[in-house]
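Here are the chains, one letter per residue:
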Amino acid sequence: MALTCIIVDDEPLAVKLLESFVAKTPDLELLGSFTDSVEAINAIKQLKPQLLFLDIQMPDLNGMELAHMLPEGTRIIFTTAFKEYAFESYEVSALDFLLKPIRYNKFIAAVEKAREWFGLRGEKTQEAEQSPAPQMSTPNGNNSLFLKVDGEYRQVALDKILYVSGMKDYVMFYLEGERKPLITHLTMKAVEDMLPTSQFMRVHRSYIVALNKIRSVDRNDCIYIGDEIIRVTEAFREGFQNFLQSRSI
């Protein structure tokens, strides 16, 4: 089934680029494009798209303000030329953050993340509902773990994990060398308890990172890891700052 989407950006060239991306992406249906954010919000409330490609810096009503006015069920992929807005996107539970100029491979990756979110939202299996116990176990040596993915157990080496992202009753394991995450029915708390604290740290309600995979941390406490930017939120900032200080020269 196609994902429905709307594009909102005050730059006509940016809109045309995103429209071209949508046109050549299978199972993605464009309901409308807008350069006026005030006009857009009325259409969004009426059409209720599943996905919104949303610029942040716009006149009258900016993207962050608009994000708080969306109907339930519409998820955001932010598009902006300013990476300093990345951490703000987590405050409104954005699915992804695309930095302009946007490349098609990054666009596709964001759309795949949306497909996974909407797919999981509607595909709770009877087995998962009847078996709420964590679908994860560790073999001897604790150098890897077994994840139950699509009814099978897959062994994953801990040193291949970049980060873990939580999404309601599911978590996604992002691994080095793999484009798509492994998705399993599990809670973030269960993952946090299972992973060794010497190698992994929870830095956000929805994210656990592999400490030795962090490339850099900017002044806004945004972690750059893999292809993702993850903001350290207030609840986890003290622990993360203590880790940085213990490793700093």
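Quick caveat: nothing in here was measured; it's all calculated off a predicted structure.

Conventions we followed
Residues numbered from 1 in each chain as written. Predicted model: local features only at pLDDT ≥ 70, side-chain atom pairs only at ≥ 80, totals over all residues. Heavy atoms only, no water. Helix = DSSP H or I, 4+ residues; strand = E, 2+ residues; numbered from the N terminus. Areas by Shrake-Rupley, 256 points an atom, 1.4 Å probe, with all protein chains shown as cover. pLDDT = per-residue confidence, 0-100. Contact = heavy atoms within 4.5 Å. 1 Å grid on protein atoms, 1.4 Å probe; cavity = no way out; pocket = protein on both sides within 12 Å on 5 of 7 lines; lining within 4 Å. Points joined across faces, edges and corners; volume = space filled by probe spheres on them. Nonpolar A, V, L, I, M, F, W, Y, C, P; charged D, E, K, R; others polar. Salt bridge = Lys/Arg side-chain N within 4 Å of Asp/Glu carboxyl O. Buried < 20%, exposed > 50% of the residue type's maximum accessible area, 1.4 Å probe, protein only. Expected span 1.5 Å × (residues − 1).

## Section: the overall build of the protein chain
Then comes step 1: In terms of helices and strands, the protein chain carries 8 helices and 16 strands.
Then comes step 2: By element, 48% of the accessible surface of the protein chain is carried by carbon and sulfur atoms, the whole surface being about 13,200 Å².

## Side note on the confidence of the model for the protein chain
Then comes step 1: For the protein chain, mean pLDDT is 84; residues scoring 70 or higher make up 85% of the total.
Then comes step 2: Low pLDDT (under 50) marks residues 123-134, which in the prediction has 10 contacts with non-local residues, meaning those over four places away or in another chain.

## Focus on the layout of surface pockets
Using a probe with the size of a water molecule, rolled over the atoms, empty space left in the structure can be pinpointed.
Then comes step 1: Space inside the largest pocket adds up to approximately 870 Å³.
Then comes step 2: Along the wall of the largest pocket there are 30 residues; nearest its centre are D96, K106, A109, D227 and E228.
Then comes step 3: Those elements that provide at least two residues to the lining of the largest pocket are β5 (96-99), α5 (104-122), β9 (161-167), β10 (170-175) and β16 (228-231).
Then comes step 4: Top contributing element to the lining of the largest pocket by residue count: α5, with 7 residues.
Then comes step 5: In terms of residue class, the lining of the largest pocket is built from 13 nonpolar, 3 polar and 14 charged.

## A closer look at the pattern of salt bridges
Then comes step 1: Taken as a whole and assessed by the stated rule, the structure comprises 13 salt bridges.
Then comes step 2: Among the ionic pairs, D55 bridges to K100, the shortest N-O distance being 3.7 Å. Placement of D55 in strand β3 (residues 51-55) and of K100 in the loop between β5 and α5 is noted, with a sequence separation of 45 residues between them.
Then comes step 3: Linking K113 and E228 is a salt bridge whose minimum nitrogen-to-oxygen distance equals 3.1 Å. Pair noted here: K113 is in helix α5 and E228 is in strand β16, with a separation of 115 residues, a long-range link.
Then comes step 4: With relative accessibility at 11%, the residue K113 sits in the buried group.
Then comes step 5: Here the residues in one salt-bridge network are D9, E11, D55 and K100, joined through shared partners.

## Here we look at the environment of T197
Then comes step 1: One can find T197 in the loop between α7 (188-194) and β12 (200-204).
Then comes step 2: Note on T197: relative accessible area 67%, which makes it exposed.
Then comes step 3: Separated by 13 residues in sequence, T197 and A210 place their C-alpha atoms 9.6 Å apart.

## Quick look at helix α8 (residues 234-247)
Then comes step 1: Between its first and last C-alpha, α8 extends 20 Å over 14 residues, near the 20 Å set by a 1.5 Å rise per residue.
Then comes step 2: Three or more residues of α8 are buried, namely R237, F240 and F243.
Then comes step 3: Considering only its buried residues, α8 is in contact with β12, β14 (216-217), β15 (222-225) and β16.

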